[in-house]
Structures are given as C-alpha cells and as structure tokens.
Amino acid sequence: MPTPPDPAVLYPDVAARGGLAAALRAAADGSLDSVLAASPDSGSLMSASVTSKLPHREPLRISAGTYERRWSIRGEEAFQGLCLIEGETDDLAQVARAARAWHDGDSLDDIRRAAPFARPTGRFEVPDLDPVRLVEAEWQSMLQEARGLEYSWQPQQQALVEAAYAEPALRALYPFTSHWALRFSSTTRPSLTFGSPCLSAGGDGTYGVGTGFITPNLGVFTTAAEAAALAVRHLPTDFGPVTLGRPLEP
C-alpha cells in the first residue's frame, strides 16, 4: 500500500483556509456560514458535515480523498442509517451547493439538479416511517443498484432482483443482501428478522434457493423466475406483514 501524500500538499488551498469547513464556506460565498461544522475538529482538512432542517436526515458527511484530490458526500436517513444520496467530484463549489440543498430540505432530485455529481441511491424518504413505504424504498434502491453494477455477473444479479420483485409475496417483504445473496425480512432495519429462503445467482448462470446463507439446498434453476417462485412456496406462513425494526440496544 503506497503512503498517502500529506493532506496539506494534496489540498494546499484547503490548508490555507484552515480546514475543509472554511474552504467550503468560501466556495459557497457565505451560504453555508451558519450551517457548516467541521468534523472531527475545526481544523480538519479531510472531513466536514452539514446538518439538515429535516429531522429524518442525518448530517451530510463530506470527506476528502486520501490519495487523489476529490471530495465525496454521503447523506443518510436517520432511522435506518441508510444512504439516500452520494457522489464524488473534484469541484468543491458543487459540494457546497449539494450541502446547502441538503440542509435546506430540498428533494433528492433537486439536490442532483443543483449538484449533478450527487446521485440519489433510489431510496425515497419516508419521514413517517410507514413500513410499507420503507419496504418499497428499499426495493427501489436494490433495483437501481442491481441495474448499475459494474461486474461480469451484473445481468444475473439484476435478473434475480427483478424476478423476486415480480413476486407479490416477496415484494411485500423487506429485502436485503449479504455477499449479494438476496434475503427477506419481516421487519425493517435497524433490526432485521431472519427466517426466509435465500436466493443467489451463480457465476454459471444458475439461480439457487436455500434455507441458509448461499446454500442452495432447496433447488438450483436455470431462470431467476423459477428460483423466486420456489422461494415464495417456502416462505413461513406467519412471515409478515412487515413492521418497523426496533433500534438496537446500545
């Protein structure tokens, strides 16, 4: 692993301002003066955060690249801690526009219009924590992710997710993945409920269904639709409807 350059060498302009927070304020021409906070300390060259007027949004996290002069953002919703918007750019002014829009409560699409590098993840915001809408938001994120994967097995993963979504009994459950295996919960994050069949896409173009983690002991099929249909038949009879997952104990 190569030694990263000194942050002050990689970001001399940020260092001259005294930190990333101050550099962002300058890039924003004053529009962030009252809302920007450095993290973890006021002189940090590498990170900062911006709060939001919306209580269901976590502060937007802004991080500087360690090896390359770039900045990334990550905006999460507060209940589950899941990402709503993210992106990378070498344009600090765009970061400042995204930060202000996040703070002001602009929609995710409007944030992207203000700062095109910022990419919504597919999840939509559910301020009232309606479990049905949280389920649909998670499905939309999973579908978007599967369609945009940059791996040779992307078509198989996309087919798996889309086939599961096409089954009403699976679509009504909260989806999640572990090592790209697709599973389903009867509660939302932050506390998932296990017990459903597990679906996986094989590198050989087959699709497996199992009772355990990536163990296709229930069957292996040549189409994702067949695998999803079998998963429905093996769902526990009392699995659902989906309820809110309880926050984990500290």
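Our structure's up above, just so we're on the same page.
Residues numbered from 1 in each chain as written. Predicted model: local features only at pLDDT ≥ 70, side-chain atom pairs only at ≥ 80, totals over all residues. Heavy atoms only, no water.

Chemist: Would you mind going over the nonpolar core with me for this structure?
Modeler: The tendency in soluble globular proteins is for nonpolar side chains to be buried side by side. With 31 residues, the main nonpolar core has Leu20, Leu24, Ile62, Trp71, Ile73, Val95 and Ile111 as its most contacted residues. Here this core takes 7 residues from helix H4 (residues 92–104), the largest share from any one element. Listed in part, the 26 residues of the second largest apolar core include Trp139, Ala164, Leu182 and Leu230. (Core = buried A, V, L, I, M, F, W, Y, C linked by side-chain atoms within 4.5 Å. Buried < 20%, exposed > 50% of the residue type's maximum accessible area, 1.4 Å probe, protein only. Helix = DSSP H or I, 4+ residues; strand = E, 2+ residues; numbered from the N terminus.)

Chemist: How do you make sense of the packing of helix H7 (residues 154–166) against helix H9 (residues 224–233) when you look at a structure like this?
Modeler: When two helices pack together, their arrangement is captured by the angle between the axes and the distance separating the axes. Two elements in contact, H7 and H9, have axes whose closest approach is 8 Å; the angle formed by their N-to-C orientations is 45°. By the angle between their directions, the pair H7 and H9 is classed as oblique. Note that H7 runs across H9; the crossing there is right-handed. Each of Ala159, Leu160, Ala163 and Ala164 in H7 lies in contact with H9, whose residues at this interface are Ala224, Ala225 and Ala228. (Axes fitted to C-alpha atoms, helices over the stretch in contact; angles between N-to-C directions. Parallel < 35°, antiparallel > 145°, perpendicular 65-115°, else oblique. Left-handed = near helix turned anticlockwise from the far one by under 90°. Contact = heavy atoms within 4.5 Å.)

Chemist: What am I meant to see in the pattern of salt bridges here?
Modeler: Within this structure, the stated rule accounts for 11 salt bridges. One salt bridge connects Glu138 with Arg189, and the closest N-O pair in it is separated by 3.4 Å. Linking Glu138 in helix H6 (residues 131–148) with Arg189 in the loop between strand E8 (181–185) and strand E9 (198–201), this pair joins segments that are 51 residues apart in sequence. One salt-bridge network, held together by shared partners, links Arg61, Arg74, Glu76 and Glu86. (Salt bridge = Lys/Arg side-chain N within 4 Å of Asp/Glu carboxyl O.)

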